[in-house]
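Next come the chains, spelled out residue by residue.
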Amino acid sequence: MSSGAAARRSTPHEFWSRNRVPVAITSIFVALFAVFIVANPAVFLRYDIYRSFMSTIPFFGILAIGVTFIVSLGEIDLSFPSVLGLSAWVFAVVSTTTNSFLFAFVLCLALGLALGLINGLLVAKVGIPSIVATIGTMFLWRGLVNVLVEGKGIALSNLEGTLWQDVTVGRIGGQVPMQFLWFVLLAAVFGFVYRRHRFGSQVLFVGDNEPSARMVGVRTDMIKIQCYVLMGGFAAAAGMFSLCEVGYFWPTQGEGMLLTTLAAVFIGGTSVFGGKGTMWGTVIGVLLIGSLEAGILSIGLTGFWVQFCYGLLITISVLVYAVMLKRNQ
Amino acid sequence: MSSPLLELRDIDLWFGRLNVLKRVSLSIHPGEIVALVGDNGAGKSSLIKVITGVHRPNRGEIRFKGEPITLHSVKKSRELGIETVYQERALADQQELWRNVFCGRELTYFGGFLDVKRQKEETRKLLREYLGFTSEAISVDSEVSVLSGGEKQGVAIARALYFNADVIMLDEPTTGLALAEQRKVLEFIREIPRKGRAAIFIDHNIFHVYDVADRFIILDKGAVAASFTREEITRDELIDRMVELHEKGAITL
């Protein structure tokens, strides 16, 4: 074919162009924390607030890792809080009856994966749009929890002082919550899988152009099912961690995490149309959402402002990304 | 003439009660470009999908390099050496070139982790050797969205050549492209036989088809209506012949 100069290597400008969404979200995060620190240095220059963030953020942070894969596919999952609830119930029942936390977690995880598989089959094989399929399973699994427990909670009275508690939600040196380390570890591993593994690469390809992915031999149905199974696993893990942190199962466990988790993923720059996202963006989105309420209160605003500020942050973020994408095109 | 690379014998394809392909037989030899022409619904795309393993024929035989084969997936046909460049351009716009070239055939370390360095090196080689890209705006890290329509088709054809495809199917590769881009794509297609490969070229545009093909097969309503070599017919005669067939009711233009 026609001769010519070799296609060149990428430039720093291209690096910026490819990474401007994560850079933008990181800048928003730094700017917001600068405002918090200036507005209330007594709170934001002390370690206590960060320890508090590290103990509460990981639960929906772990969910957000799974949601990043689902949204990158161009799909959605609304059932993960219910999967979390049902899996957590299994963990609570099995751990209190057998006294084996490991066995309880294996069953809890297996259930989460199985429920994810059901979602995956409904979406990929039966062909039900994901928003419809997962609304159905959201009510189904939450309803099942309600039927099973009849409004009653379960106290994990045997958890206190166990190795399992130390490993999952203990405090390193009395300061750093273990669940935060687990969250960082999972985000790092699955962030690597997302960008540097065949699976993650094919997830992005399917989300970007599903017919093309099929044409080049990618088993698109299988990729979708695997993502939903993964999401189920993350929901079960988040259920176990949150249960161990408070030592008590309650039937509404996980219910408040749906919108905050989705918001964190969208703020993090994962495209709602699929094919684009970063795990770094998701992590920053999680940190932003997780710290916003405390930040708002500590700068002197009342709790009535919290939802307004969430909305403002989400709207500004997606607006910035939309403008960036338009310019790129 | 050398023995055929790909041979179809009496292929029948049914979608329910609809007979989409009717006893279609054709062969393609190394170094040859065969054009499939015909109107919408003539069965061109269905035939391509049979050859690429998307549809399984209800009757007939497919032979590849003399051996009878059963194609049950796109992956299987690609493994054998049959690649397709679809009109939808099998590239994902938001992904980098190095991901696009290797999607579905990633170069990996243990456990499926991508050998990104090698994928980028090989993509760089592909852009240089097969496409001779001169554009300063393109690197292996570029998203496909920055390429023009012709360049995208070029990458899709080069990808097929890179993976040593023996037969490359081109499903309306110039559709929706500007004139200069169409010319670029035709130039890419002319290169295919020079590399010892064969191509099946589907297009509505007789002028494009005649420019690059060695043989012309006219499909109508799922059946082969006529077949000519370039020596047997001029471009105007080909057009006249199609019009003549149309007037006899054998073909709809």
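Below, the structure is looked at part by part.

Further remarks concern the sheet that holds strand β3 (residues 33–37) of chain B. Residues and elements named next belong to chain B. The strand order β6-β7-β8-β3-β9-β10 describes an open sheet built from six strands, whose pairing is mixed. Edge positions in the sheet fall to β6 (82–85) and β10 (223–229), since each of these pairs with one other strand and no more. In this sheet, neighbouring strand axes are inclined to one another by 20° on average, regardless of whether the strands run parallel or antiparallel. Summarising the sheet, strand β9 (residues 215–220) and β10 pair through six bridges and their orientation is antiparallel.

Residue and element names in this part refer to chain B. A sheet is described by the order of its strands in space; here four strands give the open sequence β2-β1-β4-β5, paired in antiparallel fashion. The strands lining the two open edges of the sheet, one partner per strand, are β2 (18–28) and β5 (67–69). When strand polarity is set aside, the average angle formed by the axes of neighbouring strands in this sheet is 30°. Pairing of strand β1 (residues 6–15) with strand β4 (residues 59–64) involves five bridges; the strand directions are antiparallel. Each bridged residue has a counterpart across the sheet, and for D12 the counterpart in β4 is R59.

Residue and element names in this part refer to chain B. At a minimum axis distance of 8 Å, the contact between helix α5 (residues 149–162) and helix α6 (residues 179–194) shows a crossing angle of 15°. By the angle between their axes, α5 is roughly parallel relative to α6. Crossing angle aside, the handedness with which α5 passes α6 is right-handed. Mapping the contact onto sequence places G149, G150, Q153, G154 and I157 in α5 and E181, K184, V185, F188 and I189 in α6. The residue makeup of the contact of α5 with α6, split by class, is four nonpolar, four polar and two charged.

Criteria and cut-off values
Residues numbered from 1 in each chain as written. Chains lettered and ligands numbered in written order. Predicted model: local features only at pLDDT ≥ 70, side-chain atom pairs only at ≥ 80, totals over all residues. Pairing = 2+ DSSP bridges. Helix = DSSP H or I, 4+ residues; strand = E, 2+ residues; numbered from the N terminus. Axes fitted to C-alpha atoms, helices over the stretch in contact; angles between N-to-C directions. Parallel < 35°, antiparallel > 145°, perpendicular 65-115°, else oblique. Left-handed = near helix turned anticlockwise from the far one by under 90°. Contact = placed C-beta atoms within 7 Å. Nonpolar A, V, L, I, M, F, W, Y, C, P; charged D, E, K, R; others polar.

In short, geometric facts, not functional conclusions.
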